Amino acid sequence: MLKTQSAGEPAAATSVAQYDAVVVGAGFAGMYTLHRLRQAGLSVRVIEAAPQVGGTWFWNCYPGARVDVESLSYSYSFSPELQQEWSWKQAYAPQAELLEYADHVAQRFDLHRDIQFETRVVSTTYSAELDRWTVRTDRGDRITTTYLIMAVGCLSATNVPDFPGLGSFAGSWHHTSRWPREGVDVTGKRVGVVGTGSTGIQAIPVLAEDAGHLYVFQRTPNYSLPSKNSPMDPERERDWKANYDEHRAFARMSPTGSNIGLLRDISALSVSDAERSRIYEEAWRIGGSQLLRSFNDIAVDPEANETAAEFVRAKIRQIVRDPDTAELLTPRDYPIGTKRICLDTGYYETYNRDNVTLVDVRSDPIEEITPQGLRTSAEHYPLDVLVFATGFDAMTGPLLEMEVTGRDGLALRDKWAAGPRTYLGVMTAGFPNMFMVTGPGSPSVLSNMTTSIEQHVDFIADAIEHLRASGAARIEPTVEAEDSWVEHVNEVADRTLYKRANSWYLGANIPGKPRIFMPYAGGVGTYRQVCETVVAKGYDGFALQ
Ligand code: N01
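Residues numbered from 1 in each chain as written. Predicted model: local features only at pLDDT ≥ 70, side-chain atom pairs only at ≥ 80, totals over all residues. Heavy atoms only, no water.

Most of the time, phi is negative for any residue but glycine, and the peptide bond is trans. The phi dihedral of D110 falls on the positive side, at around 55 degrees, and the residue is not glycine. On the secondary structure map, D110 appears in the loop between α4 (95-108) and β4 (115-116). You can call D110 partly exposed: its relative accessible area is 39%. Even without being glycine, E118 reaches a positive phi, approximately 50 degrees. Among the residues examined, E118 registers a relative accessible area of 51% and is labelled exposed. (Helix = DSSP H or I, 4+ residues; strand = E, 2+ residues; numbered from the N terminus. Buried < 20%, exposed > 50% of the residue type's maximum accessible area, 1.4 Å probe, protein only.)

Here's what the structure looks like:
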């Protein structure tokens, strides 16, 4: 039986229904999409795997999880009232505070009634005959929709390496992004952490406080900068609340979608060594990712980049007392900023603790997990708890986990077999009326995600309103527009140093994944202008029928 649901009717657990729009995911992207499309008068159903809103901030509840963009900047800008009434408690909000914020937004805008929780989309199929998508879930739902919006997040498909023997481990093991909500008691226990990306770097100092002994299994050292988190400065909050429009306008047009300005709009090589050190010290004192925005050529000139990298290496040597450990922690084989910069609270200092051991699994690779612990090619480490901070199948993973089938039976998995192909990171040819929020080919993970999410959702909602107003049934990029965008994304990446690191931006962390630089490195402001020009030219590069 088919049932048509109107906007406002409560979402049932299992049903067969038709909607104007189905949104996959109720993180920051899905929540705002629901709000915008509801305002436009569409009936909307959001499907969410978690039992509550928040997306990445629901799943990543590992100890130490915290945002790496200033909270004031990492927040919705669409509602002046919301901006005024919400107060952040910390400069860089921890996971629990972000989840509280997400819940507040959902309550405030009455979002829950259109979200179906604890339900995972398993497939989405386009029918040219019906000109609609059919969405199927793991709870047996069959839903049809005109518009399909993928708000699945860029970092939501977890990566647990296929270590032999994992099933035999007698202790408990956890991926950081699926951390038990009741927490994990590590008090006095032997704990192993595999992975030293942003996640490991946040979790390690907190786990070390309680663990009996903490072993960190590091394959590649990372550059980390102090976040300098602190309780919210009331003066700073007052300034933001008085000048939100200005702060948001700055972020929207900035390269990173955030409120970090350039310290000096000059080359790092144009000043004396002493002056350069002074400027880097100033950035280190400010904290956050300011150091990468000390000069205007750190992201593009290897020599300029090396001065920033060397400054951080010297900091590591200063902080870490044991010279061998300091050397192991020092990144040398890729430029700083070419992997997402890590922000920490006491990361390098943690290695001065007696109960922390750094194990180099580049020289002595992990061979197997045993019932009692972890064996490298050199030694066996007995463990009670094993933590995988091993990251994600980024950007394409969450989309390809579902079976997505477009026109003429074209599977997204096949279309993207050699890497993702999109126009503006928002649509892909052959998949009419299917939109992606912060998809591959958009600035997304190179930016403050909330700025990029809002820009994409506004673009998508405006496009849908335009279609409805003009009587067009569908929108889809032309193959030519898509090809030239993919080429442009590559050209822009080639002008930077990004491809010099084996990062998840390139898919290098997942065995067998095509090595393609996925995000758009041209900057958030530039990208916004491109999108605005596309719209001003009547959705240039898209076919509307
Ligand atoms: O994942 P990662 P993450 N054997 O892929 C190692 C965002 N984020 O979860 O570098 C041994 O960066 C791997 O080693 P290597 C942020 O955008 C944001 O830490 O491949 N080691 C690496 O050290 C971030 O960039 C925040 O040699 C293995 C680590 O696991 C993104 O999420 C906080 C291995 C994975 O690092 C991902 O960060 C946290 C193996 N087989 C995350 N496989 C904020 O602050 C993997 N590794 C908002």
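To continue, consider the packing of helix α14 (residues 449-470) against helix α16 (residues 524-536). Put simply, α14 and α16 touch, their axes get as near as 11 Å, and they point 5 degrees apart. Classified by the angle between their axes, α14 and α16 sit roughly parallel to one another. The residues of α16 that touch α14, namely those facing T451, S452, Q455, H456 and F459, are V524, Y527, R528, C531 and V535. Here the residues of the contact of α14 with α16 are counted per class, giving 5 nonpolar, 4 polar and 1 charged. (Axes fitted to C-alpha atoms, helices over the stretch in contact; angles between N-to-C directions. Parallel < 35°, antiparallel > 145°, perpendicular 65-115°, else oblique. Contact = heavy atoms within 4.5 Å. Nonpolar A, V, L, I, M, F, W, Y, C, P; charged D, E, K, R; others polar.)

Of all residues adjacent to the ligand, which total 24 residues, the nearest are R66, T196, T199, R219 and T220. For the ligand, an oxygen atom lies 3.5 Å from a polar atom in the backbone of D68. Q202 is positioned such that a nitrogen or oxygen atom in its side chain is 3.1 Å from an oxygen atom of the ligand. When the free accessible area of the ligand is taken as 910 Å², the share hidden by the protein chains comes to 87%. Sorting elements by how many residues they give to the shell around the ligand places helix α5 (residues 198-210) first, with 3 residues. For the shell around the ligand, the per-class residue count stands at 10 nonpolar, 9 polar and 5 charged. Domain assignment of the residues forming the shell around the ligand places at least three in each of domain 1 (16-157 + 394-544) and domain 2 (166-227 + 250-388). (Near = heavy atom within 4 Å. Polar contact = N/O pair within 3.5 Å; in protein donor to acceptor, adjacent residues only side chain to side chain. Areas by Shrake-Rupley, 256 points an atom, 1.4 Å probe, with all protein chains shown as cover. Domains from an automatic or database assignment.)

Here we take up α5. Remark: the principal bend of α5, roughly 30 degrees, maps to I204, with a proline, P205, within the next four residues. Where α5 is concerned, the buried positions are T199, G200, I201, Q202, A203, I204, P205, L207 and A208. (Bend = angle between axes of the 7 residues up to and from the residue.)

With that settled, consider the domain arrangement of the protein. For the protein, the assigned domains read domain 1 (16-157 + 394-544) and domain 2 (166-227 + 250-388). The straight-line distance from the C-alpha centre of domain 1 to that of domain 2 is 28 Å. If you look at the interface, domain 1 gives 37 residues, while domain 2 gives 38 residues. Buried surface at the junction of domain 1 and domain 2, both sides included, amounts to about 3,100 Å², of which 53% is carbon and sulfur. Applying the counting criterion to the domain 1 and domain 2 interface returns 1 salt bridge. (Buried area = accessible area lost by both parts, 1.4 Å probe. Salt bridge = Lys/Arg side-chain N within 4 Å of Asp/Glu carboxyl O.)

The next point concerns the side chain of R313. Here R313 shows up in helix α9 (residues 302-319). At 2.7 Å, the side chain of R313 and the side chain of E306 are in polar contact. For R313, the residues in contact, after removing those within four places along its chain, are Y223, E306, T330, P331 and R332.

For the rest of this paragraph, the subject is the sheet that holds strand β10 (residues 213-218). Pairing within the open sheet is parallel, and its 5 strands lie in the order β8-β17-β9-β10-β13. On the outer flanks of this sheet lie β8 (172-175) and β13 (356-360), each paired with one strand and no other. Looking at each pair of strands side by side, their axes are set apart by 20 degrees on average, direction ignored. In this sheet, strand β17 (residues 385-388) lies alongside β8 in parallel orientation, the contact comprising 4 bridges. Each bridged residue has a counterpart across the sheet, and for H174 the counterpart in β17 is V387. Strands in contact with α5 are β9 (190-194), β10, β13 and β17; relative to β10, the strand with the most contacts, it is inclined by about 155 degrees. (Pairing = 2+ DSSP bridges.)

Another point: the sheet that holds strand β15 (residues 373-376). Taken together, the 3 strands give an open sheet; going across it, the order is β14-β15-β16, and neighbouring strands pair in antiparallel fashion. Pairing within the sheet leaves two strands with one partner each, and these edge strands are β14 (366-369) and β16 (380-382). Adjacent strand axes in the sheet meet at a mean angle of 20 degrees, parallel and antiparallel pairs treated alike. Here β14 pairs with β15 via 3 bridges, running antiparallel. Counterpart to I366 in the pairing with β15 is T376.

Bringing α9 into the picture now. The periodicity of an α-helix, 3.6 residues per turn, causes residues three or four positions apart to be oriented the same way. For α9, built from 18 residues, the straight-helix expectation of 26 Å at 1.5 Å per residue is met to within 8% by its first-to-last C-alpha distance of 26 Å. Within α9, burial applies to A304, N305, T307, A308, A309, F311, V312, R313, K315 and I316. Here the buried face of α9 lies against β11 (224-226), α8 (273-286), α10 (323-328) and α11 (347-350). N-capping of α9 is provided by D301, with a side-chain oxygen placed 2.8 Å from the backbone N of E303. (Expected span 1.5 Å × (residues − 1).)

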